[in-house]
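For reference, the chains in residue letters:
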Amino acid sequence: MKPRLFHLVAQARQNLFRSADQVFSAELEVSGTQVVALFAIESQEGCQLKDLTAQLQLKNSAITGLVSRMEDNGLIRRRPCEQDGRSTRLYLTDKGRAVVAQAKPVLARVNVQLTKGFTYDELAVVARFLHHAASIHFTTESST
């Protein structure tokens, strides 16, 4: 019997995010989603909301709330976009940079726990599968 991959990936995603959120909340007093957003903003400093929306694959309303909470917590600041006066750009504050620095060893420890017991070759196959899963777009037509 073939493994039910879609179901397993969904279960794994739910467990990983819940578990990581508990670790980040306990150790950094910041949610896992905020940590992911901080890393995204760090990698693309000055990004617009639409860029963060695309990178995190969240809906506009979710990003708006997330960014507002992060701004209220002093993790980021918004500045008007010089090219488009209707838009804002996102920047890390010193507090946001400190959280990113604190999150890196926590994330490294989480990754060690996640990969424990797997060989490099096995992890390469898992990574290849996950890259594929992240890029696939299902169609409504059946293929035989």
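Computed from a predicted model, the values in this text were never measured in an experiment.

J.: Explain the pairing of strand 3 (residues 88-92) here, please?
T.: The side chains of a regular strand alternate, residue by residue, between the two faces of the sheet. Both strand 1 (residues 47-48) and strand 3 contribute to a ladder of two bridges, which runs antiparallel. Looking at the pairing, cysteine 47 lines up with leucine 90 of strand 3. Relative to strand 3, strand 2 (residues 76-80) runs antiparallel, the two sharing five bridges. In the sheet register, isoleucine 76 faces strand 3, and the bridge partner there is leucine 92.

J.: For this particular structure, what's the right way to read the packing of helix 2 (residues 32-43) against helix 5 (residues 94-115)?
T.: Helix-helix packing is characterised by the crossing angle of the two axes and by the distance between the axes. Between helix 2 and helix 5, whose axes approach to 10 Å, the crossing angle comes to 110°. Classified by the angle their axes make, helix 2 and helix 5 are roughly perpendicular. Of the two elements, helix 2 crosses helix 5, and the hand of that crossing is left-handed. Where helix 2 abuts helix 5, its residues Val35, Leu38, Phe39 and Glu42 lie against Gly96, Val99, Val100, Ala103, Lys104 and Leu107. For the contact of helix 2 with helix 5, the residue count by class is seven nonpolar, one polar and two charged.

J.: Even after reading the chapter, I still don't get the sheet that holds strand 3, so can you show me in this structure?
T.: Either a parallel or an antiparallel arrangement is found when strands of a sheet pair, and the pairing is made through backbone hydrogen bonds. Strand order in the open sheet made by the three strands is 1-3-2, with antiparallel pairing throughout. Because the sheet does not close on itself, it has two edges, and the strands there are strand 1 and strand 2. Against the sheet, helix 4 (residues 60-72) contacts strand 2 and strand 3, and its axis sits at roughly 110° relative to strand 2.

The rules behind each value
- Residues numbered from 1 in each chain as written.
- Predicted model: local features only at pLDDT ≥ 70, side-chain atom pairs only at ≥ 80, totals over all residues.
- Heavy atoms only, no water.
- Pairing = 2+ DSSP bridges.
- Helix = DSSP H or I, 4+ residues; strand = E, 2+ residues; numbered from the N terminus.
- Axes fitted to C-alpha atoms, helices over the stretch in contact; angles between N-to-C directions.
- Parallel < 35°, antiparallel > 145°, perpendicular 65-115°, else oblique.
- Left-handed = near helix turned anticlockwise from the far one by under 90°.
- Contact = heavy atoms within 4.5 Å.
- Nonpolar A, V, L, I, M, F, W, Y, C, P; charged D, E, K, R; others polar.

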